[in-house]
Amino acid sequence: MGKFFTLADYDEIANRIRERVNIEPHVGLILGSGLGQLADSIENAIKIPYHKIPHWPVSTVVGHQGRLVFGQLEGQNVMVMQGRAHYYEGYSMAEVGLPVRVMQRLGVETLIVTNAAGSVNPNFSPGDLMLITDHLNLIGMTGRTPLRGPNLDELGPRFPDMGRVYDRELGALARKVATENQIQLQEGVYICLAGPAFETPADLRFLRAIGADAVGMSTVPEVTVARHGGTRVLGISGISNKANLDGDTLTTHEEVLEAGQIIVPKLAALIRGVLRNF
């Protein structure tokens, strides 16, 4: 399961970052597969590759640039993860959750988390955006959680409430911005699996039966850490492929990255609008 991190570990990383960055970020963004282009428009950008940050998990997946970007976006001080690490890459859940812990130590109060997700809901189409209204923590239910191990009481309670993981005010704001910008915004439940294999048709039919609308291999561990520490969360999935409930189509990572090209402009407009209305 890997090592557990202490408060001193998180503060060491935060202090190393402060040596290179002179702003206090209030908003954190995590950009998923093929969605990293949004970070290229950040003003006064300071970029730090993950491999230059102690303990930081380095992304190994195509479509994840693997660096932090600090600066301003729509007048907000932001800290952006241009790519993320996943459990299936061999990292422990503690390592997957570490970036959000460091965000919290740096002053981030709101987390906007994005991902590329496969459709489980047959009414969704590739290129759609989905507001995450709730999630199914299937991987966490089996014990794979970043909260496993000694609880750091300075950061949050041993047994955090997960009744309202995704902030309702931020969700309402996202709906408002989507309407103003004529962006179709689907809504639904995201489910996190371990990966890295894509789901079988039987998997997808099972996930649909238990209430999932979109499926991916990330986000939920990060959001769990965020809520444990009291950080507000807005979650957006970019739907990268059609629900393959009958097994007639082939799902590939290239397809996911291609869908990102359609998703990014809409996602950028949505996130910019949300930030403008903070």
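Residues numbered from 1 in each chain as written. Predicted model: local features only at pLDDT ≥ 70, side-chain atom pairs only at ≥ 80, totals over all residues. Heavy atoms only, no water.

A.B. asks: An account of the pairing of strand β3 (residues 67-73) is needed here, citing residue identities and associated values.
C.D. replies: Most of β3 sits out of view: 6 of its 7 residues are buried. Pairing geometry for strand β2 (residues 43-49) and β3, over 5 bridges, is antiparallel. Following the sheet pairing, Glu43 is matched in β3 by Gln72. In this structure, β3 lies alongside strand β4 (residues 76-82), joined through 7 bridges in antiparallel fashion. (Buried < 20%, exposed > 50% of the residue type's maximum accessible area, 1.4 Å probe, protein only. Helix = DSSP H or I, 4+ residues; strand = E, 2+ residues; numbered from the N terminus. Pairing = 2+ DSSP bridges.)

A.B. asks: Just give me the short version of the pattern of salt bridges, but keep the residues and values in it.
C.D. replies: Counting across every chain of the model gives 10 salt bridges. Glu180 is paired through a salt bridge with Lys176; the nearest N and O atoms lie 2.9 Å apart. In this pair, Glu180 and Lys176 both sit in helix α4 (residues 168-180), 4 residues apart, roughly one turn of the helix. A relative accessible area of 40% means that Lys176 is categorised as partly exposed. Taken together, the shared-partner salt bridges in this structure form one network comprising Glu74, Arg272 and Arg276. (Salt bridge = Lys/Arg side-chain N within 4 Å of Asp/Glu carboxyl O.)

A.B. asks: Give a detailed account of helix α1 (residues 7-18), specifying residues and quantitative values.
C.D. replies: Here α1 spans 16 Å end to end across 12 residues, near enough to the 16 Å set by a 1.5 Å rise per residue. Inspection of α1 places Leu7, Asp9, Tyr10, Ile13, Ala14 and Ile17 among the buried residues, and these make up the whole buried set. The buried side chains of α1 occupy one side of the element, clustering within an arc of 165° when seen end-on. For α1, the secondary structure elements touched by its buried residues are β2, β3 and α2 (93-106). (Expected span 1.5 Å × (residues − 1). Arc of directions from axis to C-beta. Contact = heavy atoms within 4.5 Å.)

A.B. asks: Explain unusual backbone geometry to me, and be specific about the residues and the numbers.
C.D. replies: With an omega of 0°, the peptide bond running from Gly195 to Pro196 counts as cis. Relative to the elements of secondary structure, Pro196 occurs in the loop between β7 (185-192) and α5 (201-209). Positive phi, close to 70°, is recorded for His55, a residue that is not glycine. For His55, the position within the fold is in the loop between β2 and β3. When its relative accessible area of 34% is taken as the criterion, His55 is described as partly exposed. Its identity is not glycine, yet Glu74 carries a phi of approximately 55°, on the positive side. Its place among the elements puts Glu74 in the loop between β3 and β4.

A.B. asks: Which residues make up the packing of α1 against α2, and what values do they have?
C.D. replies: It is at 9 Å that the axes of α1 and α2 come closest, and there the two elements cross at 65°. Between α1 and α2, the interaxial angle falls into the category roughly perpendicular. Crossing handedness for the pair α1 and α2: right-handed. Where α1 approaches α2, its residues Leu7, Tyr10, Asp11, Ile13, Ala14, Ile17 and Arg18 are matched on the opposing element by Leu98, Arg101, Val102, Arg105 and Leu106. Residue classes in the contact of α1 with α2 are distributed as 8 nonpolar, no polar and 4 charged. (Axes fitted to C-alpha atoms, helices over the stretch in contact; angles between N-to-C directions. Parallel < 35°, antiparallel > 145°, perpendicular 65-115°, else oblique. Left-handed = near helix turned anticlockwise from the far one by under 90°. Nonpolar A, V, L, I, M, F, W, Y, C, P; charged D, E, K, R; others polar.)

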